[in-house]
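In case you want the letters, here they are:
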Amino acid sequence: MGLFERNLPDIYLTRLADLAVNWGRASSLWPMTFGIACCAIEMMAVGAATFDMDRFGAGAFRATPRQADLMIVAGTVNAKMAHVVKRLYDQMPEPKYVMAMGACTVGGGPYWKHGYNVVKGIDKFVPVDVHVPGCPPRPEAIIEGVRFLQRKIMAKRVLAQGVETKPDFTGVSVSPGTVGILDPTVRPTSTVYRAPTALGFLAPSGGRA
Amino acid sequence: MTAAEALEQLKKAGLGDGVELFAGPKDAALLVTRERVKQLLRHLRDSRPFSCDLLLMITGTHMTEKRAPDKTTPDGVDVNGGVVKGTTVKGALLREAGFEVIWHLRSVAKHHLLAVKCRLPLADPRVDSVADLWPAADWHERETWDLLGITFTGHPNLRRILLPESWVGHPLRKDYVAPKEFEGINLEVDAPWPTP
Amino acid sequence: MADPMTAPAKPQIEPAKPQTAPARTLVLPGDPRPPDVHVDVRTQELQINMGPQHPSTHGVLRVAIWVDGEIVTRAEPDIGYLHRCAEKIGESVSCIQYVPYTDRYDYLAAMNNNLGYCLAVEKVAEIDVPEKAQYVRTVAVELNRIGSHLMAVGTYGLDLGAFTPFFYAFREREEILRLLEWICGARLTYNFIRIGGVMRDLPEGFAADTRKFLDLFETRLDEFNDLLTHNHIFVNRTANVGVISPDMAIAYGLTGPNLRGSGLRYDLRREQPYLLYDRFQFDIPVGTGIKGTVGDCWDRYWVRMLEMKESVRIVRQALDQMPATGEIMAKNVRHLAFKSKPGEGYLGIENPRGELGYYLISDGGANSYRSRIRAPSFCNLSILEAILPGTMLADAVAIIGSIDIVLGEVDR
Amino acid sequence: MDSLVPYLTNVWEWATGSAFTFSMILSILAVVAFISVWAMFAVWLERKASADFQVRLGPDRVGPFGLLQSLADGLKLAFKEDLIPRDSDKFLFAIAPAIAFCGAFAAFAALPFAPGITAVDINLGVFFIVAVTAIGVIGVLMAGWCSNNKWSLYGAMREAAQLISYEIPSALALMVPVLVAGTFNLKELVAFQCLPSDGVLDTEGAVYFSNHGWLAFYSPWTFVAFVIYYIASLAECKRAPFDLPEAESELVSGFHTEYSGMRFSFFFLEEYGMMFVVSAIAALAFLGGWQPLPWVSCNFGGVLGNLFFAGVFLAKVIFLVWVQIWVRWTLPRMRVDQVMVMGYKYLIPMSLFALLMMAAYIHWGVRYLPGLF
């Protein structure tokens, strides 16, 4: 893009082009396989059977930062790790997005006071697009964070000049649920297993699932 | 096998000098002088009645000086009506400052747990390494050096293990002050959390 | 680019002298036959850096590996990328406050970590836990053990390139998380087992639901065996790879499934029963070298599969024996003003990864004076240096996966 | 420039026997368009099928059934920063993906989709495709070498070793149908499979039973060759369980670790293009090409007939690609020495044996040796 980046007249055509590019970027957020601590397990759960982040196009976990769009920093970052996180961020190609997942990356979390080694919030050295609170956040919260990011991307200007519009966050809940069921009389709903169908009729689990 | 039984066995084997019983309220341990540590551990590993083949962990503790509360006599009034300052008597020394190193051994064959303890002076925390007896001791000794600064002489590779190489200080010492910054990474808290 | 004249001089690092390996006889790992391939090519060692961001190091482990072609000649694990000051925090907060921290060290088996710490504090502070609470603890801990092992075998498949078993493992694990969420409201970090008992009684209908899950789970385990365990490629990748002899396992302080995989029947639940494990009937599976040598990666994997079945048995028995009503918290614990008695003690329990021990020194205050965690993963990981040399690069991944480490516990 | 165009035209005439015409340019454009659409579809199929195996849903928010997911991916990759590492060999880094893509792309030129739908009808079609698909490995080697990354280098070396080893059994296995049909031409290979076994070829619009049938089921040795070819082709496409060059859990991303954006997507195109090519050859040489049923030969003419045959052919290819996907998401990855052992100790001897046996049968004129079965 280079030369044209936010340099074309703000007309209907460029806006349309912006829309198309943003749609591509928002619908295809490839996260980097980069789990640090407890949150990484919930990050894996998001990609796994029940929650399946692939539905939103954000499930293609890439092992190398060169091919990733979204760095989910999932877990406590300490003094030894911070340089690695910074380097990984630098290795990603533009446009890149960062999700600070969990209390530790948001602000030090439980290690805020006595953690002599822990960085109190990764926004001290990398720019963060979405903060997802929780210790660790539930998978629903991560999906919420991804959708939040998608709306943020959709509101960006790519080619056209002008002021960026405010993201439309209607329909996004403000506080992703970080607390589970506290009332013991409420029974959590069982996961509904979808039996493999059309394409997967020969899959190993067959109709048993 | 309890620590008391172990001590009796040791005495029978002629290895009892320099070893005493550290009778804590819950767990007892063998308390040895630091010159005898390696010899004793080797014996516990090799001799048949002990056969403590599994080294569970090595760790240390920084023991600060502990005294009984100071006694201060209240201010008095002397015969002339003047004020007499009360005197403060320092409390009795309950515990000397220093380091304690403890080795936990388990016997897979005989199903018992033994602990060996050693006290080291604050100024010269130095004890023999057992990395050549148990390969498992390698990392434990490195960690104890890293976090407490206790030197294990004879260790092949005594470097920091958990903290970065260039870290300053040993965090588990009681007088440790956390750094504000490390190699350009800010470790401070910007704004304190509101207290309820 | 900075001007080379004005730019500060770079510290000159002496380039390492290229090491030329001598001509040698190539022995492929796992090949029992006498070496018959002779290599006369002079090759050069290459140092590669695995991690801290690498898909198969299970977190932020960094292993510096020296390779000669595909064969590893030297390996050096570098840990500490997740050091979170556990022991300093243990001294800085009160015992009650420290329980949630223990969740975060072995985050795959948070219940077990809660239990280990609470048992250690109860030992030092002399607290008797009511029977009902002990049963509840057993159920929670064993369910958590199944979840943890599922994670271990699922990600092990992932390490070897089999993606789908991971998803099946997660499907079952989500069911366990649902049950655990029901009893304490959290999915991963529970803080359910408290000093002196448990947070609250099991909810109504929990036992029935758990039994239903266990029945389903046993059939699912068979499915898992069909898919992965007896898969020819999987067996080829893991049998005879990363063999740990019993002597070596003990010398390196291995515990848990890794020690049992080497053929040693040693389980703290049997040797030193804590909770009520002496009331339950269960077997201790050990590695027998069905597919290769005793103590290879497949044995360690298989021990975990069998242990899940034993855990199912234990949970069933615990649910059967559990009294319907009863206290769930010890009488003499006043949580808000909890102070331990002075003293010190070590207590080890059987974590899914091995012996998890807490060594506590109490000064008689609310905080413990010193709290040291004997993390099983930390000890298990140290064997890597010894068993990686001589294996292939792909085996290195298989071995790291088979040891099943949790970095939160390694680095604490 | 003036002298170059006639020269190229001459070469083209020499190679194809037809003049360089406007229809050639159209064919090239059609192939480019087809590969792009195919890659998008295959990626979608892979994601949906893997989701199905893994009790997930797969992409379903982007377009109906997530069909536009691949379009979004492509759009995003196109607008990603073009990143070339500082210490890499920049020229090689830039052209490596294109060269890797060339092999798969060139192979499409010789693939017949239906009796009347083919870019170039080459007499040595099988030979040509086997030759040009091997070009891809040069691109991969270049990518691995010039990235200046040790993981990439490992991936490239593995790819070279694996591809060279598996070219042999796959080519040998392809020789079996060539031997039976007596032709290298892919169209004639298909035609042979509808020839009546008594050797009479009838004309238009009729359906014949008891013809040669699909070559996979022609004799036990052709079936063996088919299985060997399919296994070897998995290795050539770098698909699991032979995905060592990009083994994610070992080599991060293998040879394309340092590639991002558009250049990375070329490797993507190459992989899915190759999947199509090898499946197409398997379908043409062993599974009756565009014939819908074995032992039944259909003979339709005209545009509609061609479209029908193309549909049948695509359906077979998609099925074979789906089997590749199925295998990938089910099996673990093999180790590098096991891959070599399998190639050299099992597949090559077996394919040689099948070839020899087939030759013997043809020489003595019997399809089944009495007494062997």
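Below, the structure is looked at part by part. (Residues numbered from 1 in each chain as written. Chains lettered and ligands numbered in written order. Predicted model: local features only at pLDDT ≥ 70, side-chain atom pairs only at ≥ 80, totals over all residues. Heavy atoms only, no water.)

Some thoughts on the overall build of chain A
Then, in step 1: Within chain A, the regular secondary structure consists of 5 helices and 3 strands.
Then, in step 2: In chain A, the order of α-helices and β-strands from amino to carboxyl end is α-α-β-α-β-α-β-α.
Then, in step 3: Expressed as a percentage of the 209 residues in chain A, the buried residues total 58%.
Then, in step 4: Of the roughly 8,100 Å² that chain A leaves accessible, carbon and sulfur atoms contribute 60%. (Helix = DSSP H or I, 4+ residues; strand = E, 2+ residues; numbered from the N terminus. Buried < 20%, exposed > 50% of the residue type's maximum accessible area, 1.4 Å probe, protein only. Areas by Shrake-Rupley, 256 points an atom, 1.4 Å probe, with all protein chains shown as cover.)

Quick look at the overall build of chain C
Then, in step 1: Scanning chain C for helices and strands turns up 15 helices and 10 strands.
Then, in step 2: Partitioning the contacts of chain C with sequence separation of at least 6, the portion at a separation of at least 24 is 71%.
Then, in step 3: Put simply, chain C shows about 13,300 Å² of open surface, and 53% of that area lies on carbon and sulfur atoms. (Contact = heavy atoms within 4.5 Å.)

Considerations on the interface of chain B and chain A
Then, in step 1: Contacts between the two partners involve 21 residues from chain B and, on the opposite side, 14 residues from chain A.
Then, in step 2: Contact between chain B and chain A buries roughly 1,400 Å² in total, counting both sides, with carbon and sulfur atoms accounting for 67%.
Then, in step 3: Where chain B touches chain A, the interface holds 0 salt bridges.
Then, in step 4: Each residue belonging to the side of chain B that touches chain A can be placed in one class, and the counts come to 17 nonpolar, 1 polar and 3 charged. (Buried area = accessible area lost by both parts, 1.4 Å probe. Salt bridge = Lys/Arg side-chain N within 4 Å of Asp/Glu carboxyl O. Nonpolar A, V, L, I, M, F, W, Y, C, P; charged D, E, K, R; others polar.)

Looking at the interface of chain C and chain A
A common way to express how large an interface is: the accessible area buried when the components associate.
Then, in step 1: Each partner contributes to the interface: chain C provides 48 residues, whereas chain A provides 51 residues.
Then, in step 2: Carbon and sulfur atoms make up 61% of the surface buried where chain C meets chain A, a total of about 4,400 Å² over both sides.
Then, in step 3: For the interface between chain C and chain A, the tally reads 3 salt bridges.
Then, in step 4: Between A:Arg138 and C:Glu181 there is a salt bridge, and its shortest N-O distance comes to 3.1 Å.
Then, in step 5: Counting the contacts that link chain C with chain A gives 15 residue pairs in polar contact (both at pLDDT 80 or more).
Then, in step 6: Elements supplying a minimum of two residues to the side of chain C that touches chain A: helix 1 (86-92), helix 4 (131-159), helix 5 (164-184) and helix 6 (206-229) of chain C.
Then, in step 7: A per-element tally of the side of chain C that touches chain A places helix 5 of chain C first, with 13 residues.
Then, in step 8: In terms of residue class, the side of chain C that touches chain A is built from 23 nonpolar, 8 polar and 17 charged. (Polar contact = N/O pair within 3.5 Å; in protein donor to acceptor, adjacent residues only side chain to side chain.)

Structural notes on the pattern of salt bridges
Then, in step 1: Using the criterion set out here, one finds 70 salt bridges over all chains in the structure.
Then, in step 2: We note a salt bridge from A:Lys80 to C:Asp78, for which the minimum N-O separation is 3.2 Å. In this pair, A:Lys80 sits in helix 3 (residues 79-91) while C:Asp78 sits in strand 5 (residues 71-78), so the two residues belong to two different chains.
Then, in step 3: A:Glu140 is the salt-bridge partner of A:Arg138, the closest N and O atoms lying 3.6 Å from each other.

Observations concerning the side chain of C:Arg370
Then, in step 1: Within the secondary structure, C:Arg370 sits in strand 10 (residues 368-374).
Then, in step 2: On the basis of relative accessibility, which here comes to 2%, the residue C:Arg370 falls in the buried class.
Then, in step 3: Side-chain polar atoms of C:Arg370 contact the side chain of C:Glu87, separated by 3.4 Å.
Then, in step 4: Leave out the neighbours within four places in its chain, and C:Arg370 touches B:Thr59, B:Gly60, B:Thr61, B:Leu148, B:Leu172, C:Glu87, C:Glu91, C:Tyr359, C:Leu360 and C:Ile361.

What about the nonpolar core?
Then, in step 1: With 228 residues, the main nonpolar core has A:Met71, A:Val77, B:Leu41, B:Trp103, C:Ile65, C:Met111 and C:Phe192 as its most contacted residues.
Then, in step 2: Ranked by the residues each element gives to this core, the list is headed by helix 5 of chain C, at 12 residues.
Then, in step 3: Setting aside chain neighbours within four positions, we find A:Met71 in contact with A:Met32, A:Phe34, A:Val85, A:Leu88, A:Tyr89, A:Met92, A:Tyr97, A:Val98 and A:Met99.
Then, in step 4: D:Ala49, D:Ile228, D:Leu269 and D:Val317 belong to the second largest nonpolar core, which has 89 residues in total. (Core = buried A, V, L, I, M, F, W, Y, C linked by side-chain atoms within 4.5 Å.)

Focus: the packing of helix 5 of chain C against helix 6 of chain C
Helix packing for two helices is described by the angle between their axes and how far apart those axes are.
Residue and element names in this part refer to chain C.
Then, in step 1: Interhelical geometry of helix 5 versus helix 6 gives an angle of 165° and a closest axis separation of 10 Å. Taken together, helix 5 and helix 6 sit at an angle that is classed as roughly antiparallel. As helix 5 runs across helix 6, the sense of the crossing is left-handed. Contacts from Pro165, Tyr168, Ala169, Arg171, Glu172, Glu175, Ile176, Arg178, Leu179, Trp182 and Ile183 of helix 5 reach helix 6 at Phe206, Asp209, Thr210, Phe213, Phe217, Arg220, Glu223, Phe224, Leu227 and Leu228.
Then, in step 2: Among the residues forming the contact of helix 5 with helix 6, the class breakdown is 13 nonpolar, 1 polar and 7 charged. (Axes fitted to C-alpha atoms, helices over the stretch in contact; angles between N-to-C directions. Parallel < 35°, antiparallel > 145°, perpendicular 65-115°, else oblique. Left-handed = near helix turned anticlockwise from the far one by under 90°.)

A few points about unusual backbone geometry
Glycine aside, residues mostly have negative phi angles, and peptide bonds mostly take the trans form.
Then, in step 1: Look at the link from A:Glu94 to A:Pro95: it is a cis peptide, with omega at -10°.
Then, in step 2: Mapping A:Pro95 onto the fold places it in the loop between helix 3 and strand 2 (97-101).
Then, in step 3: Cis geometry is adopted by the peptide bond preceding A:Pro136, which originates at A:Cys135 and carries an omega value of -10°.
Then, in step 4: Mapping A:Pro136 onto the fold places it in the loop between strand 3 (130-132) and helix 5 (139-154).
Then, in step 5: In this structure, D:Val55 takes a positive phi of about 45° despite not being glycine.
Then, in step 6: For D:Val55, the location among the structural elements is in the loop between helix 2 (22-53) and helix 3 (69-78).
Then, in step 7: Its identity as a non-glycine residue notwithstanding, D:Val252 has a phi of 60°, on the positive side.
Then, in step 8: Of note, D:Val252 is situated in the loop between helix 10 (248-251) and helix 11 (261-286).

Structural notes on the side chain of C:Gln134
Residues and elements named next belong to chain C.
Then, in step 1: With respect to the secondary-structure elements, glutamine 134 resides in helix 4.
Then, in step 2: Taking the relative accessible area as the measure of exposure, glutamine 134 reaches 16% and is therefore buried.
Then, in step 3: Polar contacts involving the side chain of glutamine 134 include one to the main-chain carbonyl oxygen of valine 129, which spans 3.3 Å.
Then, in step 4: If sequence neighbours within four positions are ignored, glutamine 134 has contacts with Val129, Leu275 and Leu276.

Digging into the packing of helix 7 (residues 150-181) of chain D against helix 13 (residues 336-364) of chain D
Residues and elements named next belong to chain D.
Then, in step 1: Packing of helix 7 against helix 13 brings their axes to within 9 Å, and their N-to-C directions diverge by 15°. The angle between the axes of helix 7 and helix 13 places the two elements in the roughly parallel class. For helix 7 against helix 13, the interelement crossing comes out left-handed.
Then, in step 2: Across the contact of helix 7 with helix 13, the residue classes break down as 23 nonpolar, 4 polar and 1 charged.

Re helix 3 of chain D
Then, in step 1: Among all positions of helix 3 of chain D, only D:Gln69, D:Ser70, D:Ala72, D:Asp73, D:Lys76 and D:Leu77 are buried. Projected onto a plane normal to the axis of helix 3 of chain D, the buried residues spread over an arc of 160° and lie on a single side. (Arc of directions from axis to C-beta.)

Section: the environment of C:Met392
Residue and element names in this part refer to chain C.
Then, in step 1: Along the chain, methionine 392 falls in the loop between helix 13 (384-387) and helix 14 (393-403).
Then, in step 2: Its relative accessible area of 5% is what places methionine 392 among the buried residues.
Then, in step 3: Placed 326 residues apart in sequence, methionine 392 and tryptophan 66 show a C-alpha to C-alpha distance of 11 Å.

Side note on the pairing of strand 10 of chain C
Across a regular strand the side chains alternate sides, sitting on one face of the sheet and then on the other.
Residue and element names in this part refer to chain C.
Then, in step 1: The buried count for strand 10 comes to 7 of 7 residues, which makes it a mostly enclosed element.
Then, in step 2: Taken together, the 6 bridges between strand 9 (residues 354-362) and strand 10 define a ladder with antiparallel strand orientation. Counterpart to glycine 357 in the pairing with strand 10 is arginine 374.
Then, in step 3: Joining the antiparallel neighbours strand 9 and strand 10 is a turn of 5 residues, in which glycine 364 adopts a positive phi near 95°. (Pairing = 2+ DSSP bridges.)

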